[in-house]
Amino acid sequence: MKNKALIFRVLTVALGLMGIAMLVSGLVLRHLDEANKTVPQQAEMPEAYIEEFFSGEDNTPRIEDYIEPAANTTGA
């Protein structure tokens, strides 16, 4: 009977310690995740890129200027 009580106590303490370790590691990971979500101080897209591709009144990219013409497959 005493062996069962001792095993129960050891398992209870082990599970408690593992739970505390998981709680602390979760808090640390949440803190690290929030630290990585900081807002950048400057725009991530360069201003020259924005002006080049989105300078129209309707803010649509001028992709036609950058499409290569289709290859000549007639063999001539």
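**Description of the overall build of the chain**
1) Next: Looking only at helices and strands, the chain features two helices and zero strands.
2) Next: Within the chain, the fraction of its 76 residues that count as buried is 1%.
3) Next: Surface exposure of the chain reaches about 7,600 Å², of which carbon and sulfur atoms provide 64%.

**Here's the deal with helix α1 (residues 2-36)**
1) Next: Its 35 residues place the ends of α1 51 Å apart at the C-alpha level, agreeing with the 51 Å of an ideal helix rising 1.5 Å per residue.
2) Next: Within α1, only zero of the 35 residues are buried, leaving the element largely exposed.

**A short note on a nonpolar patch on the surface**
1) Next: Taken together, the side chains of Val13, Leu17, Ile20, Val24, Val28, Leu29 and Leu32 define a hydrophobic patch exposed on the protein surface, amounting to about 670 Å² of accessible area.
2) Next: As for its position among the elements, Leu17 is in helix α1.

Reading guide: rules and limits
Residue numbers here run from 1 along each chain, matching the order of that chain's written sequence. Whole-chain, interface and lining totals are the exception, using all residues; otherwise, since this is a predicted model, local features are given only for residues with pLDDT of at least 70 and side-chain atom pairs are given and counted only at 80 or more. Side-chain calculation: all heavy atoms of the structure are included, whereas hydrogens and water are not. Secondary structure elements follow DSSP: runs of H or I of four or more residues count as helices, runs of E of two or more count as strands, with numbering from the N terminus. Working definition: with a 1.4 Å probe on protein chains only, accessible area under 20% of the residue-type maximum means buried, over 50% means exposed, and in between means partly exposed. Areas reported as accessible are Shrake-Rupley estimates using a 1.4 Å probe. Residue values count occlusion only from the protein chains shown. Helix span, expected: 1.5 Å multiplied by one less than the number of residues in the helix. Like-charged residues are merged into a patch within 9 Å and nonpolar side chains (Val, Leu, Ile, Met, Phe, Trp, Tyr) within 5 Å, provided each residue has over 30% relative accessible area and no salt bridge. Here, a salt bridge means any Lys or Arg side-chain nitrogen found within 4 Å of an Asp or Glu carboxyl oxygen.

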